[in-house]
Structure formats: structure tokens, C-alpha cells
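Observations on chain architecture
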Amino acid sequence: MLESTVSYPGSVTLITAEQLDNRQTRDIADVLRDVPGVAVAGVAGQTQIRLRGSEANHVLVLVDGIEVSDPFAGEFDIGTLQAEPGARLEVLRGPQSALYGSDAIGGVVAYQSASGRDLYGLAARIEGGTQGTINGALRYGAAGNSWDAALSAVVVSTDGQPNARGGTRDIGRDSYTLAGKGSVNVSDTFTLRAAARLIRTEGQTNDSDFDTTSPTFGFIIDSPGVSFTNEAIYALVGARLDTLDGRWTHDLSAQIANVNRETDSPFGITSASEGDRFKASYVSALAVADDHNLTFAADYEVEGFRNATPGGFVFDARREIEQVGLVGEYRYSGEAFDLSAAIRHDINDLFQDATTVRVGAGYRITETTRVRAAGGSGVKNPGFFELYGFVDGRFIGNAALRPEKSTGWEVGLDQQFGRSTSLAVTYFDSTLEGEIFTTFPPPNFIATPANRTTESRQRGVEVSLAARFGRTWSLDTAYTYLDAEENGIEEVRRPKHIASAALTWEAPDEAASATLVVRYNGQTPDVAFTDPSFVPVRVQLEDYTLVNFNAQVRLTDGLSAFARVENLLGEEYEQVFSFVSPGRSAVVGVEAKF
């Protein structure tokens, strides 16, 4: 991993295309476990990420600049994001609402696919392995003097493994991604661009045992015929105009998202939702002087949803929320000192208007030592499901919810040791007011969301080390200590300790390589619904260590073979109570580049 030590005064991790390739990353959620401050918890049909103890819906995910969260659920299923050849990843940690709006209290995860100019030609891979796994990727990139274009397709298919304790029903999935992007320089100063993506995932899942007389009440059990289907379509078009010899840029873009989710049982559809988003943005950036930059941005966004679950008991009319955001930012990038300050004002047609800020500064003490500090505020508006969701006898939304408000700060040190080793250490502290949680009021004890009257606090330390030993060995490590409490009670699915290490060996001339990845997830609190009243019972999930190993060898100039084993030691673990995570798996494959 590369911790930015240039002019950005916050915490950012860059994951390069080479690192994704060395680790044979297929699911982006896997490599996010190697980023400081990131906790991942996944089950069939929904994989969540939390940054620095934030809620999953406090993390903004961008794919080629497009907001990809489900407007209905308020978050993105990161388990549906598959790695494409040449892609890279950037993770900004800490409150980013002043620049990105209400979804970025915890931070931003930005996935960028390669352009036709970044990765030219044809690339293809095919692999197969245990559990009936067949994965494939195909990509073509092209570029001319004034244009570039890229098309890619990714398929991930597996019969899966049982995910119920003592279960025998395999939980498989088929995920398909089709994406394209391109740009054209109409003139020396005017550029048009476009991007589009289709993601479709079909898979099996299991339900909880709702029989209050059963000894497995509240546990996940084999549920034949229960499945899910998620489909999302995203698109963006944009235009950029450079003026004043490139010192003043104007960028206008429009994007859409349409996300449909459905869960089925042997008796028909059990839940379904339709979410959509339209967003138009204008960004104007002016280089006032060599080191001084001003940015103004404005965006208009309308989100809509419809509860598509069949049955007369569901309110299935479409609902909408509109919002206008105005942003101003100043940046100074000097030889030793960097400063940034941003302010954003959001005008919302449903909630009270909000103003958020972010300030950061960095100072290079020596050529190899830099200190930095940043602080900011954030607001997260309730999602449609929290406001209007309905599951018969199990969940009722709360239209009286108010936005969550957050303030946070951090201090950090970036240290370079020679040209081959870098260390980053960060302390962070944030407070959340009005946290939305699920309550179970009597007499029916049906789940419904509410705002807490107490504060939620997250603080901790992040450490990352990147080192290269000669020309053949490299090591990336990360560790996070997190203390996340709400009114003195530890918050769920936020382990106190997370660590990872990736050791890579590369032969001269890239003739072969091998990577060993070790990931540790500490004990994690969670909740279980094992009480017939449906009031949650707190439980503790055991810590676990995952070991992955892969290797690849070049057969010819354009052809290579590879293999990998995931969960090499066959660790038995749960990321969410009662959901058993996958055991050992192995694949072999070939990759061609022309």
C-alpha cells in the first residue's frame, strides 16, 4: 500500500494496479482488508465496509466517479465490485462531507478502472477451482491521438459452501460486470468523457429460524429455495473546458444510478426495492498562483425509491428527496507547508439545511519527515429504508428521523526511511450525535429505527508500513486499533484490532512472482436475535486469521499461468453472527495480454 506523503493533509491509501494483480484480487472487498481503518463484514447478498468505526452507510463509494450506493438501502454492497485488469483504488479516511456530501462521514472509497490509454490492447484471464468456481475477465483498450476507449467484462461464479452452522446447503453466486469508458479531445481545451457499468449478481442465501420452539431459533439454517438478485446500472457523461492556459478548468457532468434488489423464497418474492439517483455537478478550479488553488462546485441530486415487494400491506408509491450542494475550497501547496480548507452548504427539501467544513494542514519538517493534521464535520441524512421501509411483522420505518451529525479530527506522521521504506502513523477521534439505531419497542417488539440521545465516539490509531528489499521483495503491513463506543457500550461489528501483511517476491524481468497475505480480525461484538421477544442479545464473535497464497509464472511474452489458495489454513470463522464464512478454496488459471 502507498500512504500519500505529498500535499494531501489527510489520511489516504493508494492501491495500485500492480498490487491488485500481485494479490490476484477478484473481490475488491478482500483487498480493502489491507487498508488501515477499514473493517469488512460480509454475508451472502450484502458485504459492508466501515471506516474508522463509522456505520456502513457512512462510507461513500465511487466507481469511475459515479456514486454507486443503493438509494433505498443507503449503502453499496462492496461484495459486488469485481476487480478489472489495470484498475486501482484510493481510500480517503476521516470526515469528507465538506467535499462529497452527506454519505462521506466515515470516508470515501474510489475505484478507478483503467482507460484505453492506461492499458492498451487485449487482456483476458480464465480460472477454475474448488467449489465449482469459474471466473473470467476480458478487457480491450484502445487510444488514438485525441481519444481513448475501454470495454471490460468480468464473471465470478461459484457453487459456494454452506454458511449455516452444521448446514449442508451450498451458498453459491454468479456475478456479472460489463463496463465501458472513453474520452475524446474535441480541441486542445475541450474534452468529452463517458462511463457506464452494469452489475448483476444472482445467488443463494439462507434465512434465520423463526420458530420460537426450535433449539436453533434465531440462528441461520439451511433454507432451500431462498435466493437473491441484485442488478444495478450506472452511467456518467461529462465535459471539461480548460481556459487561461489550463489554469482555470470547468467540468460539467451528469450521472445516473438505478438499483433493483429482490429476495425470493419457494413461495415467491419476499422483498424487493427499486432505487434511482440523478446527479448533475459543476466544478470550477482556478490556479490563482503557482501554489494557490481555489475550487467552487455545485451539484443537484434527486434520489427516489419504491418498495416493490408485492402485497397490499406495502406502500409502493415512489418517494423522492432533492438536494442542492454548494462547495468552496482553498488549497495551498508549498515546498514544506500544505493547507486546505473547504466548506459545503446543502439545501435539502426534506431535512434541515446543513453546513459542513473540513480543514487540514501538513508540514514537512525534513526531507523525510512530515506531520499533518485535519478536522471536519459531517452530516448523514436518513435513508429511504430507515424512513419508509416495511417488512411485515419485522420492520417499520420512522419518518420522524433526523440526520446524524459528526465531528472528527486526526494527527499523523509520515516518515520515509531511505528510498525504499515508508511509515505512516495516525491518531483519529470522532463523535457522532443522533446516531440512528434499531429499537424494539413494546408491546409488539417490531424493529424500528430511532435517533439516539447519547453520543457515539470512535477513536484509535492506524499504522502502515511499506518496504521494498532490493529488486525482488516487498512488504506492505497495516494495523488498526479502534475504540468505538456508544454511551460506554462497544459498538457491533467493529473489532478493536485489525492487522494485515502482504509479502511479495518478484523474479527479475517479471518472469514469476508469489505473494503471501495474512489478515487478522480481532474479536468482534455483534447482536443475535435468539430471544423470542426479538430483542437483540449481545454476542462476541471470535477472532480469526486468514492466510492466502498465490503464485504466477510467465510462460511466453503474452501468456502466464497462476494459482492461489485462499484461507490456506482452513480457518473456521464468522463475520456476522451465525453466518459461517467460506473455508479453504483453490484455483488455477491462465492470463493473456496482447
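In case you missed it, the structure is sitting above this.
Quick look at the structure, then. (Residues numbered from 1 in each chain as written. Predicted model: local features only at pLDDT ≥ 70, side-chain atom pairs only at ≥ 80, totals over all residues. Heavy atoms only, no water.)

1. Re the overall build of the protein
Helices and strands together make up the secondary structure of the protein, namely 4 helices and 41 strands. Over its C-alpha atoms the protein spans a radius of gyration of 24 Å, differing by no more than 12% from the 25 Å that the globule rule assigns to 594 residues. In terms of overall dimensions, the protein has C-alpha extents of about 70 × 60 × 45 Å along its principal axes. Each of the 594 residues in the protein was classed as buried or not, and the buried ones make up 51%. Taking all contacts inside the protein whose residues are at least 6 apart in sequence as the whole, residues at least 24 apart take part in 60%. Taken as a whole, the protein presents about 25,600 Å² of accessible surface, with 58% of it coming from carbon and sulfur. Separation between the mean location of the 50 positive side-chain charges and that of the 79 negative ones in the protein comes to 3 Å. (Helix = DSSP H or I, 4+ residues; strand = E, 2+ residues; numbered from the N terminus. Rg over C-alpha atoms; globule rule 2.2 N^0.38 Å. Buried < 20%, exposed > 50% of the residue type's maximum accessible area, 1.4 Å probe, protein only. Contact = heavy atoms within 4.5 Å. Areas by Shrake-Rupley, 256 points an atom, 1.4 Å probe, with all protein chains shown as cover. Lys, Arg positive; Asp, Glu negative; His and termini not counted. Charge placed at Lys NZ, Arg CZ, Asp CG, Glu CD.)

2. As for the pairing of strand E19 (residues 292–307)
For a regular strand, side chains alternate in direction, first toward one face of the sheet and then toward the other. Alignment of strand E18 (residues 268–287) against E19, held across 15 bridges, turns out to be antiparallel. Residue pairing for E19: Ser 273 is matched across the bridge by Asn 307. Connecting E18 to the antiparallel partner E19 that follows it, the hairpin turn spans 4 residues. (Pairing = 2+ DSSP bridges.)

3. Some words on the packing of aromatic side chains
Within this structure, the stated rule accounts for 10 aromatic pairs. Arranged with centres 5.4 Å apart and planes meeting at 75°, the rings of Phe 72 and Phe 385 form a pair that is edge-to-face. Of the two residues, Phe 72 is situated in the loop between strand E6 (66–67) and strand E7 (88–93) and Phe 385 in helix H4 (residues 384–388); the sequence distance between them amounts to 313 residues. Every member of this aromatic cluster is reached through a ring pair, and the members are Phe 72, Phe 305, Phe 384, Phe 385, Tyr 388 and Phe 395. Looking at Arg 319, its charged tip hangs above the ring of Tyr 388, at a distance of 3.9 Å from the centre. (Phe/Tyr/Trp six-rings, centres within 6.5 Å; stacked < 30°, edge-to-face > 60°. Lys NZ or Arg CZ within 6 Å of the ring centre and 35° of its normal.)

4. Considerations on the pairing of strand E33 (residues 497–506)
Of the two faces of E33, only the one carrying Ile 498, Ser 500, Ala 502, Thr 504 and Glu 506 is buried; His 497, Ala 499, Ala 501, Leu 503 and Trp 505 on the other face are not. Sheet topology places strand E31 (residues 473–486) next to E33; 9 bridges connect them, and they run antiparallel. Across the sheet, the residue bridging to Asp 476 is Ala 502, located in E33. Here E33 pairs with strand E34 (residues 512–521) via 9 bridges, running antiparallel. When the sheet's bridge partners are listed, Ala 499 is paired in E34 with Tyr 520.

By themselves, these are just geometric observations and shouldn't be taken as functional.
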